[in-house]
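Tertiary structure, described
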Amino acid sequence: MSSQRNDEPAIDFDELGRKYEEERQKRLRSDALGQYQSLSGKFADFGVDPNAGEAPGRDRVVRDADVLIIGGGYGGLLSGAHLRQNGVEDIVIVDKAADFGGTWYWNRYPGIRCDVESYVYIPLLEQTGFIPSEKYAKGAEIYDQCQRIGERFELYRDALFQTEVESFSWSEERQRWIVRTTRDDEIAARFVISCTGHYSKPKLPGIAGIESFEGHSFHTSRWDYSYTGGNADGNLTGLKGKKVGVIGTGSTGIQCVPPLADWAEQLTLFQRTPISIDTRGNRPTDMDWARSQEPGWQKERIENFTYWTSGIQHGENLVSDSWTNLLSEPSSVAGGVVEEVDPMEMQRAEIAKMESVRRRVEEVVEDEATAEALKPYYHYFCKRPGFSDNYLQTFNRPNVTLVDTDGKGVERITPKGVVVSGKEYELDCLVYATGFDFMTSYTKETGLTITGRGGISLDDHWSHGARTLWGMQTRGFPNFFLMSLVQSGVSINYNHIAEAQTAYIAAVIAHCIDKGIGNVEPTKDAEDSWVDRIVELSGPRQAFLEACTPGYFNYEGEYREEYALNTSFGGGPHEYLALLEKAIKGAFADNLEFTERAES
Ligand code: NDP
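Keep in mind that this is a model prediction, so the values were computed, not measured.

**Observations regarding the pairing of strand E18 (residues 423-426)**
- Pairing between strand E17 (residues 417-420) and E18: four bridges, direction antiparallel. Each bridged residue has a counterpart across the sheet, and for Val419 the counterpart in E18 is Glu424.
- Adjacent in sequence and paired antiparallel, E17 and E18 are bridged by two residues, among which Ser421 carries a positive phi angle near 50°.

**With respect to the sheet that holds strand E16 (residues 412-413)**
- Strand order across the open sheet formed by three strands is E16-E17-E18, with antiparallel pairing between neighbours. Only two strands of the sheet have a single partner each, and these edge strands are E16 and E18.

**Concerning the domain arrangement of the protein chain**
- Taken domain by domain, the protein chain comprises domain 1 (13-46 + 207-275 + 383-432) and domain 2 (62-201 + 439-522 + 572-596).
- Distance from the C-alpha centre of domain 1 to the C-alpha centre of domain 2: 33 Å.
- Taken together, the contact between domain 1 and domain 2 spans 19 residues of the former and 15 residues of the latter.
- Surface buried jointly by domain 1 and domain 2 totals about 1,300 Å² across both partners, of which 50% is contributed by carbon and sulfur atoms.
- Where domain 1 touches domain 2, the interface holds two salt bridges.
- With its nearest N and O atoms 2.8 Å apart, the salt bridge here joins Arg384 to Asp115.
- Linking domain 1 to domain 2 there are six residue pairs in polar contact (both at pLDDT 80 or more).
- Element by element, the count of residues in the side of domain 1 that touches domain 2 is highest for helix H8 (residues 251-263), at five residues.
- Looking at the side of domain 1 that touches domain 2 residue by residue, the classes come out as nine nonpolar, seven polar and three charged.

**Focus: the nonpolar core**
- One finds Tyr74, Leu83, Ile193, Leu260, Tyr391, Trp470 and Tyr504 to be the most contacted residues of the largest nonpolar core, which totals 118 residues.
- Element by element, the count of residues in this core is highest for helix H16 (residues 494-515), at eleven residues.
- No fewer than three residues from each of domain 1 (13-46 + 207-275 + 383-432) and domain 2 (62-201 + 439-522 + 572-596) sit in this core.
- Excluding its chain neighbours within four sequence positions, the residues that come into contact with Tyr391 are Thr249, Ile254, Val257, Pro258, Leu269, Ile277 and Leu374.
- Membership of the second largest hydrophobic core comes to 25 residues, among which are Ala65, Phe168, Trp170 and Leu458.

What counts, and at which threshold
Residues numbered from 1 in each chain as written. Predicted model: local features only at pLDDT ≥ 70, side-chain atom pairs only at ≥ 80, totals over all residues. Heavy atoms only, no water. Pairing = 2+ DSSP bridges. Helix = DSSP H or I, 4+ residues; strand = E, 2+ residues; numbered from the N terminus. Domains from an automatic or database assignment. Contact = heavy atoms within 4.5 Å. Buried area = accessible area lost by both parts, 1.4 Å probe. Salt bridge = Lys/Arg side-chain N within 4 Å of Asp/Glu carboxyl O. Polar contact = N/O pair within 3.5 Å; in protein donor to acceptor, adjacent residues only side chain to side chain. Nonpolar A, V, L, I, M, F, W, Y, C, P; charged D, E, K, R; others polar. Core = buried A, V, L, I, M, F, W, Y, C linked by side-chain atoms within 4.5 Å. Buried < 20%, exposed > 50% of the residue type's maximum accessible area, 1.4 Å probe, protein only.

As structure tokens, this is what we get:
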């Protein structure tokens, strides 16, 4: 089969399918999920926080609280903000970091920016009066907004930083969660909200010899500016005269490679799978435009972005960037405004996009062999797409080398450097841009021990896959809310979903407090029907992912049956968001079971 539309070159789908499969086969491995290692044990030094010193001493905290929130990133902050707006005062936020920020606290690598437009990604712009300085803001601005929200909603008041929640157990006697931390604190909370983030547990590749490397090495989420010099804006003077290597070409790798190339004498990038790179088109904010926006503009823009990135042409394309234009060419969706998206049209648009991504590599990268190695051969949404106007250009520099491992990955690390196909590349510094644990097991990923009613652990309860109502509550674990991608709605702009989920959570908690309700959990029927719906809708997405090149989206190609339950809601963001909105307007009573308050 071949296809040609408008000015696009003909695409031979059969040939392309064969090439995609050939590339996928190269990357399948017997140790798929076991190939990574965490920053613990002999790699514990990789996990040390470079942004803060030793935690200052303090007395252990023993107290009651209405709400305890685990995690002070955007999930935790939005929970706190909504709770305050609903009149909830007694809130404790606990975070391992020394400040609010979550992913933006830990990730401060050079070149870090939003990969979704700042005006839709950064929450509460109107409420805090903040205007990002660029369409895709620097990490530092996104991080600052976290502190602004913390201050604006007085969330610092009872926050416990440099403290990790280890466990929480439901006390039948007290009708509260007994929460224990690494600082020996014991907090009896009526409600617990777990907002631990999706990319919070960094991982190293399972390459032999990592510990033998005699140069300097670190993970991108623990960037060592004491070695490289400079900051996220560059000026990495410590790298002058140094040979630097990077492993990893995901969203992080493509952002930190250009500034590294500016300062290292020699930069070598070790690639296993190329990422797709579309144009970015960053530009300074037009402050007159920003000031002229009517109240409610951010909500409207956020909703507009989610429509357009779901393939639904809903009004004017306000963001108009590489995300929203992907499915918006006039030919891709018939008839202008549509509410239903034709899957065949989406597939055609997606394949055409990947073709244009490959053409762009040829246009930008001068060396033919390097350009060929940088072309991605898999479906566009098999991996998080990348956007950059300086990553591909970096390979035209004389001090930058791409070492393509043809899908095999780095072979070995030695005291002197990195070995690929038997050849050793000597390095002074090695940067691991190798990502984070993702959605295999909620408790493994978060490190939390959670024990619900009757002494049942969440691990056991979910041993055959997760069971939730809307990805946020689970029966047998009263007054517990979690935010993760498991059984929850998803949008390219995660903060859109987070905003809706935290509004829902705060509404339920405020309802309980106001009405003197003791406990809340999903009814059995509501949970069962949500789980059934998740499984029912998981089929097409699963089929798509099974044909994908390995990556964290498809459990590195090692699918297990229980993952049908651990998947996100396949009905699209709008159905999910509408469901939560309806619930907030009063319908949650149909899905939740409330019990009288009888506690100490
Ligand atoms: P990823 O998991 O996306 O990338 C990890 C990289 O390491 C991949 O290129 C992987 O190759 C490579 N790798 C792993 N093992 C080996 C090996 N043995 N040899 C060679 N290469 C190896 O992590 P990121 O940190 O880049 O991104 C994670 C997520 O965080 C993103 O998908 C995005 O959602 C989010 N993010 C958002 C940003 C933003 O908004 N600004 C910025 C950065 C991240 P392979 O592909 O073959 O597995």
